[in-house]
Every structure is written in structure tokens, then in C-alpha cells.
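Residue-level structural notes
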Amino acid sequence: MKHFTSVKDIGNIKQALERAKYVKENPFADQDLGRNKTLLMIFFNSSLRTRLSTQKAALNLGMNVIVLDINQGAWKLETERGVIMDGDKPEHILEAIPVMGSYCDTIGVRAFAQFESKEDDYNEVIINQFIRYSGKPVFSMEAATLHPLQSYADLITIEEFKKTERPKVVLTWAPHPRALPQAVPNSFAEWMNATDYEFVITHPEGYELDDKFVGNAIVEYDKEKAYKDADFIYAKNWSAYRDPNYGKILSTDRAWTVDAQKMALTNNAHFMHCLPVRRNMIVTDDVIESAQSIVIQEAANRVVSAQSVIKELLKGI
Ligand code: AN0
Ligand code: CP
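What comes next concerns the included structure. (Residues numbered from 1 in each chain as written. Chains lettered and ligands numbered in written order. Predicted model: local features only at pLDDT ≥ 70, side-chain atom pairs only at ≥ 80, totals over all residues. Heavy atoms only, no water.)

Another aspect to go through is the sheet that holds strand β6 (residues 138-140). The four strands are arranged β2-β1-β5-β6 in an open sheet whose pairing can be described as parallel. Edge positions in the sheet fall to β2 (64-69) and β6, since each of these pairs with one other strand and no more. Each strand axis lies, on average, 20 degrees off the axis of its neighbour in the sheet, ignoring direction. Bridging between strand β1 (residues 38-43) and strand β5 (residues 106-110) involves five bridges; their strand directions are parallel. Bridging from a neighbouring strand, Leu39 pairs with Thr106 of β5. Contacts from helix α3 (residues 49-60) reach β1, β2, β5 and β6 within the one sheet, and its direction differs from that of β1 by about 175 degrees. (Pairing = 2+ DSSP bridges. Helix = DSSP H or I, 4+ residues; strand = E, 2+ residues; numbered from the N terminus. Axes fitted to C-alpha atoms, helices over the stretch in contact; angles between N-to-C directions. Contact = heavy atoms within 4.5 Å.)

Structural data, given as C-alpha cells:
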């Protein structure tokens, strides 16, 4: 594997799941691969799970790890080329990236959508610059449009908990007070479309995702209909994608909060969310605390997805 930014980089899904199973059962088996190799993790945004699980994955592989929060202690970076740099940004990303690349063997990057330009966000300008100028294998720790380490962990979790060969998986929009990126739902859709599961997306009008990621999913605006007989309810908030509302909040309707009443329509579905989650906006206390909630197991599998990906990147060096 050269870089990891999307499901397209993982190859055959069944083999990716087998590799993950091996990593989960043999977490310390590949330390020769990582010895004397350095992972650099660059964060443009906050994180709890990605930071800890990716670091743990690299340690399991015997690697050294360096973490940098760009917004806490590093120079502010200019990202536009051609700008006269007489403002508050002392360094250009075009020098910073190759410098960072010179200190490591592989780079993880977290750079959320900025909602300033839909074109820049959907062209993945930041992570693509890392791929172009770092000279090192790059992997996404959530970029502007996708969060593939999360989706890989989600897939591993569904495989572990599914009771039928072809479960019904429902991605439901849920309310949130801040405008959030579409990266998690886009990515989840991309990975679900790579399986043979029955995959349904439900959201209020106006929250349609990019067709490129929706693919063959069934879009069902009637949430009760969508929940019916579901085996997995995967909740997530996102802001509007379509123009002229890109990045805007169109609804905070708590009729979309995942609650016991809607869960009762399902086939005793498992509840999933990538976390962090706002209780009683996205999901009620009783649902997230129920035996059917698998959010902790899902988060734990972030080590497995990260380790499986870093291992493949190391093999490619
Ligand atoms: C981020 C998002 O929605 O993309 C990260 C999720 C993993 N969530 C928040 O900013 C709350
Ligand atoms: N799910 C996830 O990526 O969490 P963090 O934002 O805490 O890393």
C-alpha cells in the first residue's frame, strides 16, 4: 500500500478483514516491520480516539511515534500558493510538509473540511499536498471528505457482531448544535457499498450526501421505515452538502435523535457511533447505555484498523 485515504486503497475487502483479524489476534507479531521506523502524526484538529489508537497501533508494531498539533505550538501555516505572506502566518505548508517528511517514515494527517471552499474540501487539498510533497506514505486520520480508519474499524465491528450473513445496516442522520463535516458518513457509505450488506441511509430533506459516496445505497426519507428490521443503527450528524447550503445546519429536529422508541422498530439492532457523541442530541442515555450499544467495542477496533493499515504501509516502504 502506498497511501491510505479511501476504501480504494485497501484492495479486496475480505482480505482486509482477514488481515485485521490476524492483527487483532497477534498484536505484537510484526515488530520487525516497525523497528527503527518513525510515525509522525499531524493534527490540524482535535482528537481523542484517533490520537490514542493510532499511537497504540504504531507502538504494537515496534515503531517510534512523534505527534504534532499544528495549532498548539507550531507555526501557523499558510496553505495558499502565491500569497504575500505579510499576515499572521510565518510558515508555508510547501516548506513545512517536506521538512516533516524528512523526520519520519510514514505520516498520518488529520485535516477536517474547513467549510471555506467546497471545491478545496472536496479536492482534499491539504492531504493531497502531504502526498505530493512529503515523499513518504501518507494515511488519513480524517481528511476533508473521508475518515477511512473509522470506517475500516466500523466494518470490522459489524463483522464481529452480525448475526446474519447480509445484515441490514442503517446510517441515520441525527441532530447536533454545530456544523460537522460529511467525512464520517461519506466514508461509512463508501465502505458499506464495498460489502454485500443491505445498506440504507436516512436523513431529513436537504441533507443529501455526494452521490459519489452514496453509490448504490437506498436513501429513505421516512426514518421509521428505514429503522424497520435494521440489524445495525449507525448514527451520525453532518452538515448540508448541497449548494447553496454547503456546511450549514438546516435542522436540529430531535425527532431524529436515536431513542428506544425507534430502536424498538429494529431487529434488536446494535447501536453504533464513531464518537465523540452528544448524548440526548444524537442518542438518548438509555440507548447508548443499553446492551445493544457497541460504541466502546467500535472505538477499540480503531487500534486494529490503524495497525492493519500502518503494517501494509510499512511493507510498501
Ligand atoms: C468530527 C466529525 O464529525 O467529523 C470527528 C468525528 C470523528 N466530530 C466532531 O467534530 C464533533
Ligand atoms: N472517532 C474518532 O475519530 O474520534 P476522535 O475525533 O476522538 O479521534
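Next comes the rest of the account.
As a matter of local geometry, ligand 2 sits amid Ser47, Leu48, Arg49, Thr50, Arg110, His147, Gln150, Cys274, Leu275 and Arg302. Within the contact set of ligand 2, an oxygen atom lies 2.7 Å away from a side-chain nitrogen or oxygen of Ser47. At a separation of 2.9 Å, an oxygen atom of ligand 2 approaches a polar side-chain atom of His147. Within the complex, 93% of the 260 Å² of free accessible area of ligand 2 lies under protein. Looking at the shell around ligand 2 residue by residue, the class counts come to three nonpolar, four polar and three charged. Counting only domains with at least three residues in the shell around ligand 2, you end up with domain 1 (7-146 + 302-315) and domain 2 (150-299). (Near = heavy atom within 4 Å. Polar contact = N/O pair within 3.5 Å; in protein donor to acceptor, adjacent residues only side chain to side chain. Areas by Shrake-Rupley, 256 points an atom, 1.4 Å probe, with all protein chains shown as cover. Nonpolar A, V, L, I, M, F, W, Y, C, P; charged D, E, K, R; others polar. Domains from an automatic or database assignment.)

At a minimum axis distance of 9 Å, the contact between helix α1 (residues 13-25) and helix α13 (residues 295-315) shows a crossing angle of 110 degrees. Considered as vectors, α1 and α13 are oriented roughly perpendicular to each other. Once α1 is placed against α13, the crossing between them reads as right-handed. Two secondary-structure elements touch here, α1 through Arg19, Ala20, Tyr22, Val23 and Lys24 and α13 through Asn301, Val304, Gln307, Ser308, Lys311 and Glu312. Residues belonging to the contact of α1 with α13 are distributed by class as follows: four nonpolar, three polar and four charged. (Parallel < 35°, antiparallel > 145°, perpendicular 65-115°, else oblique. Left-handed = near helix turned anticlockwise from the far one by under 90°.)

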